[in-house]
Amino acid sequence: DDYFNDLLEKCQGNDYDSLLKYREISIKKDDIKEWIFNDKIPEEKVKEASDIIKECVLHLLYNSYSDESLDYLRKEIVITFPKDMNAKWENGEAIFYFPNTYSKHKFLLF
């Protein structure tokens, strides 16, 4: 929500372009929430959903890392939507993000 709320705050204005941008961001916010919480990401929207979630994650990390580190993370973070999680050690480590949790700690590092 923080990512989308910050985008929406930047669209404050009564002109046509601001209202159009606000509407576009609001629809995208509602879509991504519905896709994730209902586990129904349309096949043609998987790339868009992963890009949006990546930006949301980077937004959460923005004040905690340097620009150089954020650039590295932007290139290296991969967002996937597994149907289940295998606990075996595959490539060293993985970070799992659980958007449905009410905890403020939504990331788990393995």
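In what follows, the structure referred to is the one given above.
In this text the structure is predicted, and so the values were computed from the model without any measurement. (Residues numbered from 1 in each chain as written. Predicted model: local features only at pLDDT ≥ 70, side-chain atom pairs only at ≥ 80, totals over all residues. Heavy atoms only, no water.)

## Things to note about the overall build of the protein
In terms of regular secondary structure, the protein is built from four helices and two strands. Seen in sequence order, the protein has helices and strands lined up from the N terminus as α-α-α-α-β-β. Within the protein, buried positions represent 18% of all 110 residues. A separation threshold of at least 6 residues defines the contact pool for the protein, and within that pool the share at least 24 residues apart is 35%. Of the roughly 9000 Å² of accessible surface on the protein, 51% is carried by carbon and sulfur atoms. (Helix = DSSP H or I, 4+ residues; strand = E, 2+ residues; numbered from the N terminus. Buried < 20%, exposed > 50% of the residue type's maximum accessible area, 1.4 Å probe, protein only. Contact = heavy atoms within 4.5 Å. Areas by Shrake-Rupley, 256 points an atom, 1.4 Å probe, with all protein chains shown as cover.)

## Remarks on the pattern of salt bridges
When their charged atoms lie close together, side chains carrying opposite charge are able to pair. Counted according to the given criterion, the structure contains five salt bridges. Linking E24 and K21 is a salt bridge whose minimum nitrogen-to-oxygen distance equals 3.6 Å. Remark: K21 and E24 occur in helix 2 (residues 16-37); sequence separation between them is three residues, near one turn of the helix. Judged by its relative accessible area of 40%, K21 falls in the partly exposed class. (Salt bridge = Lys/Arg side-chain N within 4 Å of Asp/Glu carboxyl O.)

## So, the packing of helix 2 against helix 3 (residues 46-61)
Relative orientation of the contacting elements helix 2 and helix 3 amounts to 105°, with a least axis distance of 11 Å. The angle between the axes of helix 2 and helix 3 places the two elements in the roughly perpendicular class. Where helix 2 abuts helix 3, its residues K28, I32, W35 and I36 lie against E48, A49, I52 and I53. Partitioning the contact of helix 2 with helix 3 into residue classes produces six nonpolar, no polar and two charged. (Axes fitted to C-alpha atoms, helices over the stretch in contact; angles between N-to-C directions. Parallel < 35°, antiparallel > 145°, perpendicular 65-115°, else oblique. Nonpolar A, V, L, I, M, F, W, Y, C, P; charged D, E, K, R; others polar.)

## Observations concerning helix 1 (residues 2-9)
Every buried residue of helix 1 is listed here: Y3, F4 and L8. Around the axis of helix 1, the buried residues are gathered within 130° of arc, so they sit on the same side. Residues of helix 1 that are buried sit in contact with helix 2 and helix 3. (Arc of directions from axis to C-beta.)

## Concerning the nonpolar core
Judged by nonpolar contacts, the single largest core of 15 residues is most densely connected at F4, I25, I32 and V57. Contributions of two or more residues to this core are made by helix 1, helix 2 and helix 3. Among the elements that take part in this core, helix 3 stands out by supplying six residues, more than any other. (Core = buried A, V, L, I, M, F, W, Y, C linked by side-chain atoms within 4.5 Å.)

## A short note on the side chain of S50
Its place among the elements puts S50 in helix 3. Not counting the four nearest positions on each side in its chain, S50 is found in contact with I79 and F81.

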